[in-house]
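Below, each chain spelled out in residue letters.
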Amino acid sequence: GSVMSCRLARWRSAAGVVATGSAAFLGSHWLTSPASHVAEADAEPAQKPGARRIVTPSKAIGGDRAAKHFRVFSGAGEVATLDDVVESFDASDFVLVGEAHDDPVAHQLELYLLVRAHQREACGSADSGTPAARRVVLSLEQFERDVQGVVDEYVVHNLIREEDLLLDARPWANYPTDYRPLLEYAKSAGMPVVAANAPRRFVSLAGRKGLGALEGLGPGARALLPPLPLPDVSADYKAHFVWSRISEPQQSLGKDRAVPGPGTGAGGEALQPSGEDRASSNPTGGGSEAPAPTREAERPADATGAGACPYIGLPGDRDALLDPLVLWDATMAHAIAAAWARDPGCLVVHVCGSFHSEYSLGIVEMLRHYARGPGPAGKPRVTVVTIYPEEDIASFDPVRHRNAGDWVLLTDASLPRSMDITHPV
C-alpha cells in the first residue's frame, strides 16, 4: 500500500537489474546501500537469481557537477546537477525524457531520475519539500498501445511471467539491457506503466498511404489512436523535421549532424522564433534541405517477438515520413494525457527518443491539444529533459544544445553503444 510505496529511502528492485556493471557509468556505485555505499543484499546472507535487493540512489551523484560520463546543463547552458533537475519536477505534470536509444548512460540516468522522482513526489516528505504525496506514472515509447493489457498483467496485477511479457508485448530488441530496469522498478514500486506508442502497423499505414488512411480503420483499431483527424502541426514542427534530417539513418554523435543547429540558417546566422509558444532559440526552420533518405535496413524480430525500428515498410522519400512522426507524437501525447486525466495531480514520466520532445515540439506540442493543466491558459506543465551523447560532455554548444530541453544532459559518446542499429527517433 501507500506505506510500502513511500518507504523509498530503501527501494526494491530485482537483483542483477539495476546493480549491474553499467551502473558505474554514473560514477562508483550510484545505487548504494546507505551504510556501505555498495549495492548490498537486504540483510540476507545469500541472494538467489531473481531475488530482491534494497538499495538507494547515491546522494553524491545528485549533486555532482563533474561526473565522469555525463554533465548537466540548464536549457540556457548553465552548469547544473541532477538534484536541480529532480527539484524542477515539483512544478510539472509531465516530464519528457528524450534519449538516443542506444545510449547506455542515458538509460542509467533515466532510471536514476525515475527513482528520485518517485522518492520526491510519491512520498511528499518534509525533506523533499513537496507539500503532499502524488502518484508517479511511468510511460514508455518502447511499448505500443495495443499491448497495454499485457503490460498491466505483468506490472500491475502480477499475473503473468516475464517470459510471457516478452513474447506478447513485443519489446524492443534492447529491452533487457535498457528498459527492463525501468519496468522492473515500476513493478516493484507499484507504479503504473503506460504503453504509449502507436502500433507499428498503423505507423506503416500512415507512411504508405497518409494519415487519411487511418479513417478506414475499424472502431477497435481507432480506439488505440487519438481522435481523428489528428491536429495540424506547427511550422516549427515541420521545420524541425527538415533540420533534424530525421528522414535518414544517423549516428548518435551530435557531431554527425550535418545540418546547422536549431534556430540557425544555412550559414549559421540566428533566426527569430515564429510561434508565441517557442522559446527564444527554438527552431523556426533554416538549414539546407535534407536529401532523400536511404531506407533503414529491416531487422528481423528475434525469438521474443522484439522487432526493429517501426519504419519497417515505409517508402524511401522523406515527405512520407512526416505523417508517421505526427502519428507517433500525437499517439504518445494522447496516451500520457489520458493517464494524467485518470489520476489528476499525478506526475507522468515519459521516456522517448529525443526527436519527440526536444525544443518543446513533438509530443509537447501535441499535449496542448489533449491535456488541460493548471498552467497559463490551461496549458499542461511540462519539463523536458534532453539527453545527447557527445564526444566532449563538458562543452555546451549554444547552437546545437540551447533550449533543446529545460535541462540538457550530455553523455559520454565514447562508451560502447547498447544496440547495433540506428533508430531514427
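This one's a predicted model, so the numbers in the text were calculated from it and none came from an experiment. (Residues numbered from 1 in each chain as written. Predicted model: local features only at pLDDT ≥ 70, side-chain atom pairs only at ≥ 80, totals over all residues. Heavy atoms only, no water.)

Caption draft 1: Main features of the overall build of the chain. Along the backbone of the chain there are 13 helices and 11 strands. A total accessible area of about 16,900 Å² is found for the chain, and carbon and sulfur atoms account for 53% of it. (Helix = DSSP H or I, 4+ residues; strand = E, 2+ residues; numbered from the N terminus. Areas by Shrake-Rupley, 256 points an atom, 1.4 Å probe, with all protein chains shown as cover.)

Caption draft 2: Highlighting the packing of helix α5 (residues 148-155) against helix α8 (residues 180-189). Relative to each other, α5 and α8 sit at 55°, their axes nearing to 9 Å. Accordingly, the angle class assigned to the pair α5 and α8 is oblique. For the pair formed by α5 and α8, the contact residues are V151, Y154 and V155 on the first element and L183, E184, A186 and K187 on the second. Its residues assigned to classes, the contact of α5 with α8 shows 5 nonpolar, no polar and 2 charged. (Axes fitted to C-alpha atoms, helices over the stretch in contact; angles between N-to-C directions. Parallel < 35°, antiparallel > 145°, perpendicular 65-115°, else oblique. Contact = heavy atoms within 4.5 Å. Nonpolar A, V, L, I, M, F, W, Y, C, P; charged D, E, K, R; others polar.)

Caption draft 3: Quick peek at the environment of Y370. By the secondary structure assignment, Y370 is in helix α13 (residues 363-370). If near-sequence neighbours (up to four positions away) are discounted, Y370 is found in contact with P226, P227, L230, P231, A330, A333, H334 and A337.

Caption draft 4: Just helix α12 (residues 322-342), in detail. Over its 21 residues, α12 runs 30 Å from end to end, which matches the ideal 30 Å to within 8%, given 1.5 Å per residue. The buried fraction of α12 is high, at 17 of 21 residues. (Expected span 1.5 Å × (residues − 1). Buried < 20%, exposed > 50% of the residue type's maximum accessible area, 1.4 Å probe, protein only.)

Caption draft 5: Structural view of the sheet that holds strand β7 (residues 136-144). Strand order in the open sheet formed by 8 strands is β5-β4-β11-β10-β6-β9-β7-β8, with mixed pairing between adjacent strands. Edge positions in the sheet fall to β5 (79-80) and β8 (193-197), since each of these pairs with one other strand and no more. As judged from the 6 bridges shared by strand β6 (residues 94-99) and strand β9 (residues 347-353), these two strands associate in the parallel manner. Paired with G98 across the two strands is C352, which belongs to β9. Each of β7, β8 and β9 touches α8; the most contacted strand, β7, lies at about 140° to it. (Pairing = 2+ DSSP bridges.)

Caption draft 6: Highlighting the nonpolar core. Judged by nonpolar contacts, the single largest core of 52 residues is most densely connected at L82, L138, F143, V151, L165, L183 and V385. Examining the composition of this core, we find that 9 residues originate from one element, helix α4 (residues 104-123), more than from any other. Once residues lying within four places of it in the same chain are set aside, the contact partners of F143 are V151, A169, P171, Y175, L183, A195, A196 and N197. By size, the runner-up hydrophobic cluster in this structure holds 45 residues, among which are F94, V242, L327 and A337. (Core = buried A, V, L, I, M, F, W, Y, C linked by side-chain atoms within 4.5 Å.)

Caption draft 7: Quick peek at the pattern of salt bridges. Counted by the stated rule, this structure contains 15 salt bridges. The shortest N-O distance in the salt bridge between D343 and R135 comes to 3.0 Å. With D343 in the loop between α12 and β9 and R135 in the loop between α4 and β7, this pair connects stretches of sequence that are 208 residues apart. Under the relative-accessibility criterion, R135 is labelled partly exposed at 42%. D146 is paired through a salt bridge with R170; the nearest N and O atoms lie 2.8 Å apart. Of the two residues, D146 sits in the loop between β7 and α5 while R170 sits in the loop between α6 (162-168) and α7 (175-178), which places them 24 residues apart along the sequence. Within the structure, one salt-bridge network assembled from shared partners comprises E144, D146, R170, R200 and R201. (Salt bridge = Lys/Arg side-chain N within 4 Å of Asp/Glu carboxyl O.)

Caption draft 8: Molecular detail of the confidence of the model for the chain. Averaged over all residues, the pLDDT of the chain equals 75, while 64% of them reach at least 70. In the predicted structure, residues 28-55 sits below a pLDDT of 50 and forms 61 contacts with residues beyond four places in sequence or in another chain. Considering only residues more than four positions removed or in separate chains, one finds that residues 247-312, a stretch of pLDDT under 50, has 155 contacts. (pLDDT = per-residue confidence, 0-100.)

Caption draft 9: Structural view of the packing of aromatic side chains. Under the definition given, this model contains 5 aromatic pairs. Arranged with centres 5.9 Å apart and planes meeting at 40°, the rings of F94 and W340 form a pair that is tilted. Residue F94 is found in strand β6, and its partner W340 is found in helix α12; the two are separated by 246 residues along the sequence. Classification of F94 by relative accessible area gives buried; the value is 1%. With a centroid separation of 5.8 Å and 75° between ring planes, the pair formed by F143 and Y175 is classed as edge-to-face. On the criterion of sequence distance, the pair formed by F143 in strand β7 and Y175 in helix α7 is long-range, its members being 32 residues apart. Judged by relative accessible area, Y175 falls into the buried class, the value being 2%. The positively charged end of K187 is found above the aromatic ring belonging to Y154, 3.6 Å away from the centroid. (Phe/Tyr/Trp six-rings, centres within 6.5 Å; stacked < 30°, edge-to-face > 60°. Lys NZ or Arg CZ within 6 Å of the ring centre and 35° of its normal.)

Caption draft 10: Quick peek at the packing of α12 against α13. At a minimum axis distance of 8 Å, the contact between α12 and α13 shows a crossing angle of 50°. Here α13 runs oblique to α12, going by the angle between their axes. Every pair of crossing elements has a handedness; the one defined by α12 and α13 is right-handed. Between α12 and α13, the contacting residues are V326, D329, A330, M332, A333, H334, I336 and A337 on the first element and I363, M366, L367 and Y370 on the second. (Left-handed = near helix turned anticlockwise from the far one by under 90°.)

Caption draft 11: Broad picture of the side chain of T386. By secondary structure assignment, the location of T386 is in strand β10 (residues 382-390). Residue classification places T386 among the buried positions, given a relative accessible area of 0%.

Caption draft 12: Representation of helix α9 (residues 200-209) within the structure. Counting buried positions along α9 gives 7 out of 10 residues, so the element sits mostly inside the fold. Taken as a whole, α9 has its buried residues at R200, F202, V203, S204, L205, A206 and G207. Where the residues of α9 are buried, they touch β7, α10 (219-222) and α12. Following α9 by one or two positions, G210 adopts a phi angle in the positive range, close to 95°.

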